[in-house]
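# Secondary and tertiary structure notes
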Amino acid sequence: CALPIFLQSLGKLEDAELSTRKAIEIKPNLAEVHLNLGSILKGLGKLEDAELSTRKAIEIKPDYAMSHYNLANILKDLGKSKEAALSYRKAIEIKPDYAMSHYNLGIVLRDLGKSKEAALSYRKAIEIKPDYALAHYNLGIVLRDLGKSQEAELSTRKAIEIKPYYAEAHSNLGSILGDLGKSQE
């Protein structure tokens, strides 16, 4: 199955789709191939088809964390945040040390108005991967949402420490410092 991955890396998604579909014809019970097709279809903007292919991967291999993670990403893109949260949680259940699952769960929880839970997810992502600038940044956002501006400042400063040219973090820090009545340092 190296050819479809190679074609995908070259941006030849239509060719990668055809090659992957051929692989499925030859060996229809490989979860990894269905998962790969789902990724290709997502890249082509065919989200409903991507969802079906990824669900097929899960049907074949229910304990494959990456399938649940990819399904959650597709569901998030389809605007199905509650379903996405369930899929991220399943991915975390199978592979609890994957920081990106915790991080993306935080994003959908915030979208669902669950800022406290989102903060917990971002903190778990940071615990697993302390240099995860995006998680520090988004933690800063939800802490600010929760009225915890001092904690938000610390988290945002950590994102900037990790990624000094992170413009959004600098902008958010300015807003937080404004909330705190400080000038940007």
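Please refer to the structure placed before this passage.
Residues numbered from 1 in each chain as written. Predicted model: local features only at pLDDT ≥ 70, side-chain atom pairs only at ≥ 80, totals over all residues. Heavy atoms only, no water.

One finds Y88, Y103, L105, Y122 and L139 to be the most contacted residues of the largest nonpolar core, which totals 28 residues. Taken together, the elements giving at least two residues each to this core come down to α5 (65-77), α6 (81-94), α7 (99-111), α8 (115-128) and α9 (133-145). It is α7 that contributes the most residues to this core, six residues altogether. Those residues in contact with L139 that sit more than four places away from it in its chain are A119, Y122, R123, I126 and S155. Counting residues in each nonpolar core, the second largest holds nine residues, with A133, A159, I160 and A169 among its members. (Core = buried A, V, L, I, M, F, W, Y, C linked by side-chain atoms within 4.5 Å. Buried < 20%, exposed > 50% of the residue type's maximum accessible area, 1.4 Å probe, protein only. Helix = DSSP H or I, 4+ residues; strand = E, 2+ residues; numbered from the N terminus. Contact = heavy atoms within 4.5 Å.)

Take the environment of A152 next. Residue placement: A152 occurs in helix α10 (residues 149-162). Separated by 55 residues in the primary sequence, A152 and D97 place their C-alpha atoms 24 Å from one another.

Our focus in this paragraph is the packing of helix α3 (residues 31-43) against helix α4 (residues 47-60). Here α3 crosses α4 at 165 degrees, and the two axes come no closer than 8 Å. One element, α3, and the other, α4, form an angle in the roughly antiparallel class. Of the two possible hands of crossing, α3 and α4 adopt the one that is left-handed. Contacts between α3 and α4 involve A31, H34, L35, L37, G38, L41 and K42 from the former and L47, D49, A50, S53, T54, K56, A57 and I60 from the latter. Across the contact of α3 with α4, the residue classes tally to eight nonpolar, four polar and three charged. (Axes fitted to C-alpha atoms, helices over the stretch in contact; angles between N-to-C directions. Parallel < 35°, antiparallel > 145°, perpendicular 65-115°, else oblique. Left-handed = near helix turned anticlockwise from the far one by under 90°. Nonpolar A, V, L, I, M, F, W, Y, C, P; charged D, E, K, R; others polar.)

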